[in-house]
Amino acid sequence: MKLEHNVVQDLYPLYLEDDLSPSVKTAVDEHLKECSECKKFYETGEKTFQLNELEEPNVSKSLDEKILLNMKLNRLRLISVVLATIIFSMILTDYINEREKLFMAIDEYYASIDHFTGAFEMVKNKEQLTLDPFQQLSHDFFEANAELEKHMNFIEKKSKNSAEFSLILDTQRLNSMVEVMKIRFNQGRWSETDEKAYETIKDYFKEHHEIVSEQYNKTHHGYSSYLHILDIKKMDKFYENVNSLTYSYTRFHKMPDQVKAMKESELKSRIANVLDLEQEDIKLEKESQVNDMYVYRFEIGNGYGGDIDAISGQITQYFGNTGPLSDGPLMDQKEAEKKARSYLEKIYGKDINLELVSLGFNFNSSANDSRYKVYSFKAVPKIAGYTLYTPLETETILNLNARNGELESFDHNRHVPSFDELNQVDLTTLPGNIDDQKKVVIYSALTGNFELVYMKPDLEYFQEEKFISAKTGLEEKIYVDVF
């Protein structure tokens, strides 16, 4: 009887107990003589295995893929955390750097405001012959303001953009105001309006200095400074006050509370009367508070419209649709002049004496279509034979469609608020001879009124004129709109 390894090894317990039949026991003994492996097992009771006899565990492929995927996910999570930490660190570092730059900008801004504290004393200091130092302060303030805005965070910038004056100061008007004050004080023409404006402007800068001082302290207060947000709304009040004062003083020689804007319904009524429109067809929108204070943009459809000043009620600009281009016959020149005068009467009223000067066809036009034809006219205001003089060769121009006579465009001289009070100019003159006998009327920056002056071109100053009041003999200053 020949037995297999497995059988022999399974019989091991029975062999020890001598429970095998003689024939089976003899077969086991025979096998043990020939098989050293089984013999060793019977002698020691320890079973040995060949490596090739071991079976590999049956692990599913899907389980293996899950383990690998989980390992990858863990690795990605770790990478994400590391990247997030790096990005956050970069953002935090950038924020801290920008805050520190803002703190430096606040320092410059604070110092700039501080320098204005005594600067206004130049106005009443007759030994101060030039206002160059004041104008330099205005320039420094402009630069400090720009640097401050540059380093604001997004919350502050959003607040700034939504503020009424957006922290923008019209430094040109501020300089003009101080210059007018200086001239009036030196000429002995100082008035209650001058004194009130003088004290008010100083108070505005003093109040703003206190506000900026508060912001300065909060941005120099340790770690909490990095979390401080500038109070833009509180700061913007200064810009509103100063811009309103410099505008009313330089343009009308009045305080802001003496300058009243017309209601929108009144403005629409004026526009409708001039252009023969219904008020409901007119849309009004306020322009920039800083650059075009009290100016409204009006639209009459299809992008056509213009600007109207809410203080004077003066339409200052208009561009309209007079129909498609055609090759139709041109209207007579005299008929065109008649139409032009009718528009001027609607715009300015019948009491204003305006000399109408023909400029021919297409004045200052760049149209290259031969069908485009407009009669161009210049309106020159006159009073008692004197011409209204304006700087920089600015004029009042209107263009009429040469075929149907409709008003295509109109531009009121921007250096004169309106012509309404032109007929009220005082024509009194000093006795005696004046070297230059040319007399003109100007809109005075010193009085906010029309004044009769002797115009004396000063060759020392290129393209500048000097004006001497015909009534007082004092030097006059013509108003120039800074925009």
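Heads up: the structure comes first, above all this text.
## Remarks on the overall build of the chain
Inference 1: The number of helices and strands found in the chain is 12 helices and 13 strands.
Inference 2: For the chain, the C-alpha radius of gyration of 46 Å lies well beyond 23 Å, the compact-globule estimate for 483 residues.
Inference 3: Considered along the principal axes of its C-alpha atoms, the chain spans approximately 165 × 70 × 40 Å.
Inference 4: Considering only contacts within the chain whose residues lie at least 6 apart along the sequence, 62% involve residues at least 24 apart.
Inference 5: Accessible surface, the chain as shown: approximately 28300 Å² in total, 50% of it carbon and sulfur.
Inference 6: For the chain, the distance from the average site of its 57 positive side-chain charges to the average site of its 83 negative ones is 4 Å.

## Some words on the pattern of salt bridges
Inference 1: Applying the stated rule across the entire model yields 21 salt bridges.
Inference 2: A cluster of three or more residues bridged by salt bridges with shared partners is formed by Glu 121, Glu 199 and Lys 202.

## A short note on the environment of Tyr 204
Inference 1: Secondary-structure assignment places Tyr 204 in helix 9 (residues 192-218).
Inference 2: With 37 residues separating them along the chain, Tyr 204 and Asn 241 place their C-alpha atoms 7.1 Å apart.
Inference 3: Sequence-distant contacts of Tyr 204, that is, excluding residues within four places in its chain, are made with Phe 238, Asn 241, Val 242 and Leu 245.

## Some words on helix 10 (residues 232-252)
Inference 1: For helix 10, which comprises 21 residues, the first-to-last C-alpha distance of 30 Å matches the rise-based estimate of 30 Å (1.5 Å per residue) to within 8%.
Inference 2: Phi turns positive one or two residues past the end of helix 10, at His 253, with a value near 55°.

## Points about the pairing of strand 9 (residues 407-411)
Inference 1: Counting buried residues along strand 9, 4 of its 5 residues qualify, which places the element largely inside the surrounding structure.
Inference 2: Here strand 4 (residues 315-319) runs beside strand 9; their pairing, made up of 3 bridges, is antiparallel. Among the inter-strand pairings, Gln 317 is bridged to a residue of strand 9, identified as Asp 411.
Inference 3: Where strand 8 (residues 396-401) and strand 9 come together, 4 bridges link them in antiparallel fashion.

## Section: the packing of aromatic side chains
Inference 1: Going through the model one piece at a time under the given rule, you end up with 26 aromatic pairs.
Inference 2: Seen from their ring centres, Phe 185 and Trp 190 are 5.4 Å apart, and the 85° between their planes marks the pair as edge-to-face.
Inference 3: Ring geometry for Phe 238 and Tyr 239: centres 5.2 Å apart, planes at 80°, overall edge-to-face. In this structure, Phe 238 and Tyr 239 share a single accessibility class: buried.
Inference 4: Aromatic rings pair up to connect Tyr 109, Phe 116, Phe 120, Phe 134, Phe 141, Phe 205, Phe 238 and Tyr 239 into one cluster.
Inference 5: Across from the ring centre of Tyr 296, 5.7 Å away, lies the NZ or CZ of Lys 286, which sits over that ring.
Inference 6: Of note, Lys 373 hangs over the ring of Phe 361, and the distance from its end group to the ring centre comes to 5.2 Å.

## Side note on helix 12 (residues 333-348)
Inference 1: For helix 12, built from 16 residues, the straight-helix expectation of 22 Å at 1.5 Å per residue is met to within 8% by its first-to-last C-alpha distance of 22 Å.
Inference 2: Residues Ala 336, Ala 340, Tyr 343, Leu 344, Ile 347 and Tyr 348 constitute the buried set of helix 12. Buried positions in helix 12, seen along its axis, are confined to an arc of 115° and lie on one side of it. Seen from the buried face of helix 12, the exposed residues on the opposite side, beyond 90 degrees, are Lys 334 and Lys 338.
Inference 3: Residues of helix 12 that are buried in the fold lie against helix 11 (264-275), strand 5 (354-361), strand 6 (374-383), strand 8 and strand 9.
Inference 4: Structurally, the start of helix 12 carries an N-cap: the backbone nitrogen of Lys 334 is 3.0 Å from a side-chain oxygen of Asp 332.
Inference 5: Just downstream of helix 12 lies Gly 349, where phi reads positive at about 95°.

## A closer look at the packing of helix 3 (residues 22-34) against helix 4 (residues 36-44)
Inference 1: In contact at an axis separation of 6 Å, helix 3 and helix 4 are set at 115° when each is read in the N-to-C sense. The pairing of helix 3 with helix 4 is recorded here as roughly perpendicular in orientation. Handedness of the helix 3/helix 4 crossing: left-handed. Contact residues: Val 28, His 31, Leu 32 and Glu 34 in helix 3; Ser 36, Cys 38, Lys 39 and Tyr 42 in helix 4.

## A short note on a negative patch on the surface
Inference 1: Residues Glu 108, Asp 140, Glu 143 and Glu 147 make up a contiguous surface patch of negative charge.
Inference 2: With 3 residues, the single largest contributor to the negative patch is helix 6 (residues 132-150).
Inference 3: Within the fold, Glu 147 resides in helix 6.
Inference 4: What makes Glu 147 partly exposed here is its relative accessible area of 35%.

## Describing a nonpolar patch on the surface
Inference 1: On the surface, a cluster of nonpolar side chains totalling about 1000 Å² of accessible area is made up of Leu 69, Leu 73, Leu 76, Leu 78, Ile 79, Val 82, Leu 83, Ile 86, Ile 87, Met 90 and Ile 91.
Inference 2: With respect to the element layout, Leu 73 can be found in helix 5 (residues 61-115).
Inference 3: On the basis of relative accessible area, Leu 73 is assigned to the partly exposed category, the value being 34%.

## Focus on the environment of Lys 206
Inference 1: Checked against the element boundaries, Lys 206 lands in helix 9.
Inference 2: Since its relative accessible area comes to 55%, Lys 206 is described here as exposed.

So, how was this worked out
- Residues numbered from 1 in each chain as written.
- Predicted model: local features only at pLDDT ≥ 70, side-chain atom pairs only at ≥ 80, totals over all residues.
- Heavy atoms only, no water.
- Helix = DSSP H or I, 4+ residues; strand = E, 2+ residues; numbered from the N terminus.
- Rg over C-alpha atoms; globule rule 2.2 N^0.38 Å.
- Contact = heavy atoms within 4.5 Å.
- Areas by Shrake-Rupley, 256 points an atom, 1.4 Å probe, with all protein chains shown as cover.
- Lys, Arg positive; Asp, Glu negative; His and termini not counted.
- Charge placed at Lys NZ, Arg CZ, Asp CG, Glu CD.
- Salt bridge = Lys/Arg side-chain N within 4 Å of Asp/Glu carboxyl O.
- Expected span 1.5 Å × (residues − 1).
- Buried < 20%, exposed > 50% of the residue type's maximum accessible area, 1.4 Å probe, protein only.
- Pairing = 2+ DSSP bridges.
- Phe/Tyr/Trp six-rings, centres within 6.5 Å; stacked < 30°, edge-to-face > 60°.
- Lys NZ or Arg CZ within 6 Å of the ring centre and 35° of its normal.
- Arc of directions from axis to C-beta.
- Polar contact = N/O pair within 3.5 Å; in protein donor to acceptor, adjacent residues only side chain to side chain.
- Axes fitted to C-alpha atoms, helices over the stretch in contact; angles between N-to-C directions.
- Parallel < 35°, antiparallel > 145°, perpendicular 65-115°, else oblique.
- Left-handed = near helix turned anticlockwise from the far one by under 90°.
- Patch = residues over 30% accessible without salt bridge, like charges linked within 9 Å, V, L, I, M, F, W, Y side chains within 5 Å.

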